[in-house]
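A closer look at the structure
Here's the letter readout for the chains.
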Amino acid sequence: MTIKDIEESLKKGVFSCQELVKESFSTIKKHDKKINAFLTLNEEQALKQANHYDNLIKKDKNIFDEKPLLGIPVALKDLFTTKDIRTTAGSKIIGDYNPPFDATVVKKLIDAGAIIIGKTNEDAWGHGSSGENTDYEVTRNPYDLNRVPGGSSSGSGAAVAYGGVLVGTGTDTGSSVRLPAGFCNLVGLKPTYGRVSRYGIIAMASSFDSIGHMTRTVYDNAKVLEVTAGVDPFDSTTVPIKVDQYTKKLGQSIKGMKIGLPKEYFVKGLDDKVSNSIKNSLKILEKLGATVKEVSLPHTDYAMAAYYILVPSEVSSNLSRYDGIRYGGSREMFGAEAKRRIMLGSYTLSSGYYDAYYLKAAKVRTLIKRDFENAFKEVDVLIVPTSPTLPFKIGEKVDDPLQMYLSDIFLCPVNLAGIPGLNVQSGFVDGFPVGMQIIGPQFSEELLYKVAYLFEQETQYYKIRPKFKNG
Amino acid sequence: MSKKTLSTEEILHIAKLGNLTLTEKEVELFKKQLSSVIEYIDKLQEVDTKNVEPLSQTTGLTDIFRKDEPDEKRTLIPEEALKNTKSKENNLFKVKAVLTE
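Residues numbered from 1 in each chain as written. Chains lettered and ligands numbered in written order. Predicted model: local features only at pLDDT ≥ 70, side-chain atom pairs only at ≥ 80, totals over all residues.

The name an unreviewed UniProt entry assigns to chain B is Aspartyl/glutamyl-tRNA(Asn/Gln) amidotransferase subunit C, from the organism Candidatus Roizmanbacteria bacterium GW2011_GWC2_37_13. In the Subunit (unreviewed entry) part of its UniProt record, chain B is described as follows: "Heterotrimer of A, B and C subunits." (UniProt positions renumbered as here; feature names shortened; annotations may be inferred.)

Structural data, given as structure tokens:
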């Protein structure tokens, strides 16, 4: 069911908000003991809210014009600050933090009628690609419980995949919405930097953090961005550019659209099965009227190195505020990955190394952004694999941080350039979802959704549901 | 490329910069892990960045101001601000003395 179907059903009284929310919690209770997608449930409040909305609908069927997400069950990644609902960032150090305010995006979702079902598990502070860096139980992939769901927004990805909620929010600093979307057969958006407010989102790397979400379909994803996007006086990096009605252009033709295939992404290290799936998807897009040509992003090979200098530098600064005085515990409680990133950032920013590392990487960032700008002179969008491999096994990369970092090799360049990327499903290989990323220039979200929607309608992979292998 | 190895002193130094205390086991583990990451990021030295400006704000927004006036919407009352602390006194956060006589 999509958000549109639910709106129709609620209007006609096929089911009530309360029934919808109860169904959500019963699905979660059925699966979550094994999947570990949720850290906190908001059951009492959610049911109360649903009851309130049922009364509103009875009084006024046009309430949906005012509240476009009325009754929609939403899960929030635990980096999203929620007033009076525990917010842990997936870490133990603030495991008892009960915030006195809502993040702007949370407020916008609530004002639009969304029902907050709970807070989801994640790599602590957003540091990871698998979900395994959580300080709590590791989230499992509903398609195969021995595999990772992708991180860092692991719980949101798994919860949407198994049907606990319709929308799972996430943050994407280097991969964290698109990778779980790719590993869990979902649509996942990393918006343009500054399109969605960061106020109240626990900061990882402030010049990278992009606030996105995962859904099962493109329509739902576009619908949520209509609510979350826009200028926020509390976040001075939000950009005063008009928010499009992203759902309006879905279904329009992509005839004549030029798609670029960056040759640097189809190299050694890319699983042949993933590569073949993407190539097959490009044939479908050609059938829909697009043309495909090879382009070059010459500095791709340096993106990860620049990313793993700049991001830990910002991380070390952002995590310095956790001192156990105003809230949370002491710094000994940081997990291993947070410690690694704080130390790495302290190293690259330290006296004698700043020019060689931080400044050098900030210059390479300019070159990477320029590569994308040059490519977009030739083509409208780029298509690349989301991950070089299929969802990997739990435990496979935990002892080798560098290998874990390289899981994001096709995703981080987008964050360096501040441009948007959208994961849609390219297909299935050996029973596992394969993600494909559509990348566009800054503020081209409408275009990305247009391409994704036609592809989705043609392929309909969203109809495939997880089978809980090894469950 | 030369193999980069961080010394115990370097590990302890950057831990101190980050206000972290490490166990002996962590020192050994992070020495190995961070050395391999630093060896990897060293590849940036190959890139020619002559005449290239550094970038940190990707959308190019500059000089965003607000009026320097109190805004109730971004203010917490003392009870809210203090509700998560483990140590308070008279509506204030209580911390260890920084200065001594």
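**Comments concerning the pairing of strand β10 (residues 421-429) of chain A**
Residue and element names in this part refer to chain A. Of all 9 residues making up β10, 7 are buried, and the element is well covered by its neighbours. With 3 bridges joining them, strand β5 (residues 187-190) and β10 adopt antiparallel strand pairing. Pairing of Leu-189 across the sheet is with Leu-422, part of β10. As judged from the 8 bridges shared by β10 and strand β11 (residues 432-439), these two strands associate in the antiparallel manner. (Buried ≥ 20, exposed ≤ 12 C-beta atoms within 10 Å, placed from the backbone. Helix = DSSP H or I, 4+ residues; strand = E, 2+ residues; numbered from the N terminus. Pairing = 2+ DSSP bridges.)

**Concerning the pairing of strand β6 (residues 210-215) of chain A**
For a regular strand, side chains alternate in direction, first toward one face of the sheet and then toward the other. Residues and elements named next belong to chain A. For β6, the tally of buried residues reaches 6 of 6 residues, placing the bulk of the element in the interior. The alternating pattern of β6 places Ser-210, Gly-212 and Met-214 on one face and Ile-211, His-213 and Thr-215 on the opposite face, and all of these are buried. Pairing of strand β4 (residues 167-172) with β6, which is carried by 6 bridges, proceeds in the antiparallel orientation. Residue pairing in the sheet places Thr-171 in a bridge with Ile-211 of β6. In this structure, β5 lies alongside β6, joined through 3 bridges in antiparallel fashion. Within the sheet, the bridge partner assigned to Val-187 lies in β6 and is Thr-215.

**Considering the nonpolar core**
All names here are of chain A. Core analysis: the biggest nonpolar cluster contains 150 residues, and Ile-72, Val-74, Ala-306, Val-381 and Ala-452 have the highest contact counts within it. The leading source of residues in this core is helix α10 (residues 303-318), at 10 residues. When sequence neighbours within four positions are dropped, the list of residues in contact with Ile-72 reads Ile-3, Ile-6, Ala-114, Ile-115, Leu-166 and Val-167. (Core = buried A, V, L, I, M, F, W, Y, C linked by C-beta atoms within 7 Å. Contact = placed C-beta atoms within 7 Å.)

**Considering helix α2 (residues 24-41) of chain B**
Taking 1.5 Å per residue, 18 residues should reach 26 Å; α2(B) reaches 26 Å between its end C-alpha atoms and fits that length. The set of residues buried in α2(B) consists of B:Phe30, B:Leu34, B:Val37, B:Ile38 and B:Ile41. Structurally, α2(B) contributes buried residues whose contacts are with α10, α11 (336-349), α12 (355-378) and α13 (401-405) of chain A together with α1 (8-17) of chain B. (Expected span 1.5 Å × (residues − 1).)

**A few points about the packing of helix α8 (residues 218-228) of chain A against helix α15 (residues 445-459) of chain A**
Residue and element names in this part refer to chain A. Relative orientation of the contacting elements α8 and α15 amounts to 160°, with a least axis distance of 9 Å. Comparing the axis directions of α8 and α15 gives the class roughly antiparallel. For the crossing formed where α8 meets α15, the hand is left-handed. When α8 is examined against α15, the residues Val-218, Ala-222 and Leu-225 are found in contact with a partner set consisting of Glu-445, Tyr-449, Ala-452, Tyr-453 and Glu-456. When grouped by side-chain class, the residues that make up the contact of α8 with α15 number 6 nonpolar, no polar and 2 charged. (Axes fitted to C-alpha atoms, helices over the stretch in contact; angles between N-to-C directions. Parallel < 35°, antiparallel > 145°, perpendicular 65-115°, else oblique. Left-handed = near helix turned anticlockwise from the far one by under 90°. Nonpolar A, V, L, I, M, F, W, Y, C, P; charged D, E, K, R; others polar.)

**Structural notes on the interface of chain B and chain A**
Every contact between the two is made by 38 residues of chain B and, on the other side, 48 residues of chain A. Listing elements by their share of the side of chain B that touches chain A, those giving two or more residues are α1, α2 and α3 (78-82) of chain B. Per element, the largest residue contribution to the side of chain B that touches chain A is 7 residues, and it comes from α2(B).

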